[in-house]
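Here's the letter readout for the chains.
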Amino acid sequence: MEEMPKGKLVVILAVLSLILFVFNIGSCANLYSQSSARRKEMAQRMDLEEKMIKFTKEKAAILEKLKAREKELEEEKASSQAIKKVLVQEQLVGQSIKEELEKVTKLKQALEDDLKEALANSKKAKK
């Protein structure tokens with residue numbers, strides 16, 4: 001084999017060193033780019049996780065309010081049913097009183113008619 005002149009060897013090593021240096025710089029730039037993208041993704045994930053936690057808390061609060069409203073509604077329904085029952089009872093009592101009043105009025109009218117007849121008979125008997 002032939003020996004290469006030292007100048008040619010130095011140039012080849014310099015070119016090789018330059019190529020490796022460029023690859024090294026490219027690799028570092030790529031690593032920096034990936035690192036930056038990773039930080040950005042982590043920031044987005046943390047932001048989304050915070051929003052999810054916030055929405056979960058809001059959901060829990062809304063569900064709690066909903067349960068309270070449902071309980072109030074059930075209490076109102078029960079109260080309404082009780083009031084309806086009382087109203088029906090009052091209507092029945094009122095109807096019963098009305099019927100009794102009609103009976104008493106008929107009896108009163110009958111007694112007045114009997115009294116008038118007895119009074120008329122009494123006047124006839126005196127004459």
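The model shown is predicted, which means the values in this text are computed figures rather than measured ones. (Residues numbered from 1 in each chain as written. Predicted model: local features only at pLDDT ≥ 70, side-chain atom pairs only at ≥ 80, totals over all residues. Heavy atoms only, no water.)

The subject of this paragraph is the overall build of the protein chain. What the protein chain contains, in helices and strands, is 1 helix and 0 strands. The C-alpha atoms of the protein chain give a radius of gyration of 54 Å, which is well past the 14 Å a tight globule of 127 residues would have. Seen through its C-alpha atoms, the protein chain measures out along the principal axes to roughly 180 × 20 × 15 Å. The buried share among the 127 residues of the protein chain stands at 0%. Split by element, the accessible area of the protein chain, about 12600 Å² in all, is 63% carbon and sulfur. Taken together, the 26 basic and 21 acidic charged side chains of the protein chain have centroids lying 3 Å from each other. (Helix = DSSP H or I, 4+ residues; strand = E, 2+ residues; numbered from the N terminus. Rg over C-alpha atoms; globule rule 2.2 N^0.38 Å. Buried < 20%, exposed > 50% of the residue type's maximum accessible area, 1.4 Å probe, protein only. Areas by Shrake-Rupley, 256 points an atom, 1.4 Å probe, with all protein chains shown as cover. Lys, Arg positive; Asp, Glu negative; His and termini not counted. Charge placed at Lys NZ, Arg CZ, Asp CG, Glu CD.)

This part covers the UniProt feature "coiled-coil region" (unreviewed entry) in the protein chain. When the UniProt feature table is mapped onto this chain numbering, "coiled-coil region" (unreviewed entry) sits at residues 56-121. Between the first and last C-alpha atoms of residues 56-121 the distance is 96 Å; the span itself is 100% helix and 0% strand. (UniProt positions renumbered as here; feature names shortened; annotations may be inferred.)

Right, let's get into the pattern of salt bridges. The full count for this structure, using the stated rule, is 5 salt bridges. Across the pair Arg-45 and Glu-41 runs a salt bridge, and its minimum N-O distance is 2.7 Å. One end of the pair is Arg-45 and the other is Glu-41, both in helix H1 (residues 6-126) and 4 residues apart, which spans about a single turn. (Salt bridge = Lys/Arg side-chain N within 4 Å of Asp/Glu carboxyl O.)

With respect to the helices and strands, Asn-121 occurs in helix H1. What makes Asn-121 partly exposed here is its relative accessible area of 43%.

This part covers a nonpolar patch on the surface. Together, Val-11, Val-15, Ile-19, Leu-20 and Phe-23 line one region of the surface with nonpolar side chains, adding up to about 500 Å² of accessible area. Along the chain, the position of Val-15 falls in helix H1. Residue classification places Val-15 among the partly exposed residues on the basis of a relative accessible area of 43%. (Patch = residues over 30% accessible without salt bridge, like charges linked within 9 Å, V, L, I, M, F, W, Y side chains within 5 Å.)

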